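# Reading the structure
Here is what each chain is made of, one letter per residue.
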Amino acid sequence: MLPRYPLALLPTPLVEAPRLAAALGGPRLLVKRDDLTGFAMGGNKVRGLEYYLADALACRADVIVTGAGPQSNHVRATAAAARVAGLAMVAVIHNARPPQALGNLLLDELLGVDLRFTGLPNREEVDVQIEATAAELATAGRRPYVIPRGGASALGALGYLGAVGELEAQLEALGAHPTWLVLATGSCGTQAGLLAGAKLRAAPYRICGITVSRPVAECQARITRLAQEAARLAGGSLAVDPQDVLVRGGFIGAGYGAPSAEGVAAIRLAARTEGLFLDPTYSGKALAGLIGEVQAGRITPDDTVVFLHTGGEPSLFAHPEIAGQD
Ligand SMILES: *Cc1c(COP(=O)(O)O)cnc(C)c1O
């Protein structure tokens, strides 16, 4: 495997969620607590960052350049990792600077990130400005290291390729034989890494991503490509058919980052059954998707489900309307 710069506290816990399982109507439910990856408020981005930071240091970079939206968990975790490694950090953020820095944006400011707002809503503009910013820094004599928007590349996907082995050992210790692994899918690196790891290890469960931003077919294509590339980086080889990549749509709501009614209901349910905090952009919509799979009869009481909690709690503090008193 490629070198890692240690950031995460692993293994993350794998816990039963019996009250939530009962509320869902019966499948055994285990929650893989990757909200607790143990660095800078945790979440799924920390595993991939171990590979990015090792690579950035090997390239003798002095500044990390990346980007995403204003409530990005990726930017917050990357900024903290850059600080620990002694690097500066520039982040390109879509739209205009919000009037008040809340949630992840508050943490970005606390970390002293050089935030550059595009003033435009489209996310492709972030990609363009990440490249332009890196070029500008290089011209000024700096040594920038670019991490793609959302952290999704084959290198970053190695974090979850490795997590499959960690999960396997925990399942063995519990005597659990899951049939499903359900997670939120955004820029697709996490599902790609899991798929590659699961295929290389012949894991018995199917992986179901609930898309929170992109159309299903685009996710399938990205996951196929990233999984194959990640397997190659890990020294293996893998043929993935996009048809084998399971991604469910229908839970994005009004759009990426906008809380949905089902997602908010799922967040309240997880809090009120298990004391578990999910987030409105990713994990809340993923649990809504899991509930949808149960309602559609595709996940039954005979199944055992691992729900990957990918983190994201800081963005709750930018959405006070979610708390609810109903
Ligand atoms: C980024 C993120 C995801 C999605 O991961 P991808 O690798 O981008 O698909 C899920 N949950 C949370 C909390 C995230 O921050």
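Here the structure is shown first, and the text comes after it.
Residues numbered from 1 in each chain as written. Predicted model: local features only at pLDDT ≥ 70, side-chain atom pairs only at ≥ 80, totals over all residues. Heavy atoms only, no water.

Right, let's talk about the packing of aromatic side chains for a bit. Within this structure, the stated rule accounts for 1 aromatic pair. Above the face of the Tyr282 ring, Lys45 is positioned so that its terminal group lies 5.4 Å from the ring centre. Taking NZ or CZ as reference, Arg47 lies 5.3 Å from the ring centre of Tyr160, over its face. (Phe/Tyr/Trp six-rings, centres within 6.5 Å; stacked < 30°, edge-to-face > 60°. Lys NZ or Arg CZ within 6 Å of the ring centre and 35° of its normal.)

It is worth spelling out the sheet that holds strand 4 (residues 88-93) at this point. In space, the 4 strands of this open sheet follow the order 5-4-3-6, with parallel pairing throughout. Only two strands of the sheet have a single partner each, and these edge strands are strand 5 (114-117) and strand 6 (144-146). Here the strands of the sheet are splayed against their neighbours by 25° on average, with no regard to which way each runs. Judged from the 3 bridges that link them, strand 3 (residues 63-68) and strand 6 form a sheet pairing that is parallel. The residue of strand 6 that forms the bridge with Val65 is Val146. (Pairing = 2+ DSSP bridges. Helix = DSSP H or I, 4+ residues; strand = E, 2+ residues; numbered from the N terminus. Axes fitted to C-alpha atoms, helices over the stretch in contact; angles between N-to-C directions.)

In this structure, the largest pocket encloses a volume near 250 Å³. Tallied by class, the residues present in the lining of the largest pocket amount to 6 nonpolar, 8 polar and no charged. No fewer than three residues from each of domain 1 (14-43 + 153-322) and domain 2 (45-150) sit in the lining of the largest pocket. (1 Å grid on protein atoms, 1.4 Å probe; cavity = no way out; pocket = protein on both sides within 12 Å on 5 of 7 lines; lining within 4 Å. Points joined across faces, edges and corners; volume = space filled by probe spheres on them. Nonpolar A, V, L, I, M, F, W, Y, C, P; charged D, E, K, R; others polar. Domains from an automatic or database assignment.)

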